[in-house]
Amino acid sequence: MATAGLALVGLSACSGGSTGGGEQPQTSAAQSSGLADFDVCNFFTAGDLSAFGVQGPGEPDSTIDTEPGCNFRGDVKDVTLYKVPDTAFDAYTKQGNFGSLTPYEIDGRKAANGVTKGSEGQGICSAFLDAGGGTVIVTVTGLMRDSVADPCGEAEKVARQIEPRLPE
């Protein structure tokens, strides 16, 4: 009876400073990343939550400082939405800490499903999306190792539903 709450997305992302200097306008940080104001706890609609089999409100997840997230609980799985505003998709997916990584596209947007090393077979998978100059991550975690038959399929389903609303 193993829980899948191990390192959800045990990845380290590059951190960048958001302080503007000199004559740069204060909006320069937001312009460099469309994810700066992306609210992970208020992004999903009530329809999204129902379709994903989870409930709101979400609970903030600050497991990794540079990857703020929000966790939504369900009866058999949790769905967590993260943003990584300071690390572009290509750099994020090339960090080398995946046991498996399967790239694909959603309507021309780069995406990938991945499981971090050491989490294989634990009922957990993340979908990564290129968004707003950074990366958006959807992690599906089965409450029991086998409570979600295809966690990567579930993560991709969520990614495909939310993709049209993500920042370019």
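Residues numbered from 1 in each chain as written. Predicted model: local features only at pLDDT ≥ 70, side-chain atom pairs only at ≥ 80, totals over all residues. Heavy atoms only, no water.

**Points about the pattern of salt bridges**
Okay, so step 1: For the structure shown, the criterion picks out eight salt bridges.
Okay, so step 2: Measuring nitrogen to oxygen at the nearest pair gives 3.1 Å for the salt bridge that ties Glu-168 to Arg-109. With Glu-168 in the segment after α4 (151–162) and Arg-109 in strand β5 (residues 109–116), this residue pair connects regions lying 59 residues apart in the sequence.
Okay, so step 3: Taking relative accessible area as the criterion, Arg-109 reaches 7% and is therefore assigned buried.
Okay, so step 4: Put simply, Glu-59, Arg-73 and Asp-78 are held in one network by salt bridges that share partners. (Salt bridge = Lys/Arg side-chain N within 4 Å of Asp/Glu carboxyl O. Helix = DSSP H or I, 4+ residues; strand = E, 2+ residues; numbered from the N terminus. Buried < 20%, exposed > 50% of the residue type's maximum accessible area, 1.4 Å probe, protein only.)

**Some words on the state of the cysteines**
Okay, so step 1: Summed over the entire model, instances satisfying the criterion amount to two disulfides.
Okay, so step 2: The partner cysteine of Cys-41 in its disulfide is Cys-70, sulfur to sulfur 2.0 Å. Its S-S torsion of approximately 105° makes the covalent link between Cys-41 and Cys-70 right-handed. One end of the pair, Cys-41, is in the loop between α1 (28–32) and α2 (46–52); the other, Cys-70, is in strand β2 (residues 69–74), with 29 residues separating them in the sequence.
Okay, so step 3: With a relative accessible area of 23%, Cys-41 lands in the partly exposed category.
Okay, so step 4: Two residues, Cys-125 and Cys-152, share a disulfide whose sulfurs are 2.0 Å apart. Here Cys-125 and Cys-152 share a disulfide; its torsion about the S-S bond, 90°, makes the bridge right-handed. Here the residue Cys-125 occupies a position in strand β6 (residues 124–131), and Cys-152 occupies one in helix α4, the gap between them amounting to 27 residues.
Okay, so step 5: Judged by its relative accessible area of 22%, Cys-152 is partly exposed. (Disulfide = S-S within 2.5 Å.)

**So, unusual backbone geometry**
Okay, so step 1: The linkage connecting Gly-56 with the following residue, Pro-57, adopts the cis geometry, with an omega of -5°.
Okay, so step 2: Counting through the fold element by element, Pro-57 comes out in strand β1 (residues 54–61).
Okay, so step 3: A positive phi angle, near 50°, is found at Asp-107, a position not held by glycine.
Okay, so step 4: Mapped onto the elements, Asp-107 comes out in the loop between β4 (98–106) and β5.

**Regarding the confidence of the model for the protein chain**
Okay, so step 1: Averaged over the protein chain, the pLDDT score is 82; the fraction of residues at 70 or greater is 80%.
Okay, so step 2: When mean pLDDT is compared element by element in the protein chain, β2 scores highest at 97, while α1 scores lowest at 38.
Okay, so step 3: In this model, residues 1–32 is a region of pLDDT below 50 whose contacts with residues beyond four sequence positions or in other chains number 61 contacts. (pLDDT = per-residue confidence, 0-100. Contact = heavy atoms within 4.5 Å.)

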